[in-house]
Amino acid sequence: MIASLAACQPSASNAVELGQSPAGLKQVPLTITSNGKAHRFTVEVASTGEEQAKGLMFRNRLDPDRGMVFPFDPPRDASFWMRNTLIPLDMIFIRADGTIRRIAANTEPLSERSVPSGGPVRYVLEVIGGTGRKLGIEPGDKVTGAPLR
């Protein structure tokens, strides 16, 4: 999964770290609050242009409570694709205030079709496809935790 925009220089300096993932990325906690329920995830932070270009490419699986977050500073219109991404993902586009702008559900593996944010976003969260529907996550729900500080 990669951002098809120019490389960015995001910052997650205030993130509470949970160690490194097997891919060598920083891991942080993230919570989505939907209908009064807190859904907790551990996410890898794709901070550099190189990390964002690779994203979740070539992975065969993603646990239900895991994901990857792509921070953008400043917020911008983002567009992602699924090149070399083997599993369906939900792409959750998050505004600077932590509210969900849009969810692209069950994106098609290996597709080079553009998946746009629909407006400026500060973060894009990728989780296993179907997570949003399964947990009742919708646009307008709140995302908190590192690196959303």
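Residues numbered from 1 in each chain as written. Predicted model: local features only at pLDDT ≥ 70, side-chain atom pairs only at ≥ 80, totals over all residues. Heavy atoms only, no water.

A. Representation of the overall build of the chain. Looking only at helices and strands, the chain has two helices and eight strands in total. Traced from its N-terminal end to its C-terminal end, the chain shows the element sequence β-β-β-α-β-β-β-β-α-β. Evaluated residue by residue, the chain yields a buried proportion of 48% over its 149 residues. In the chain, the proportion of contacts linking residues at least 24 apart, taken out of those at least 6 apart, comes to 70%. If you sum the accessible surface of the chain, you get close to 7100 Å²; carbon and sulfur atoms cover 49% of it. (Helix = DSSP H or I, 4+ residues; strand = E, 2+ residues; numbered from the N terminus. Buried < 20%, exposed > 50% of the residue type's maximum accessible area, 1.4 Å probe, protein only. Contact = heavy atoms within 4.5 Å. Areas by Shrake-Rupley, 256 points an atom, 1.4 Å probe, with all protein chains shown as cover.)

B. Seen up close, the environment of Glu138. As for its position among the elements, Glu138 is in the loop between α2 (131-135) and β8 (142-144). Of the residues examined, Glu138 reaches a relative accessible area of 47% and is grouped as partly exposed. Separated by 39 residues in sequence, Glu138 and Thr99 place their C-alpha atoms 9.7 Å apart. Every residue in contact with Glu138, bar those within four places of it in the chain, is listed here: Ser34, Ile100 and Ile103.

C. Quick peek at the pairing of strand β2 (residues 27-34). The buried count for β2 comes to six of eight residues, which makes it a mostly enclosed element. Bridge count between β2 and strand β3 (residues 37-45): eight bridges; the pairing is antiparallel. Paired with Leu30 across the bridge in β3 is Phe41. Sheet topology places β2 next to β8; three bridges connect them, and they run antiparallel. Bridging across to β8, Ile32 finds its partner in Val143. (Pairing = 2+ DSSP bridges.)

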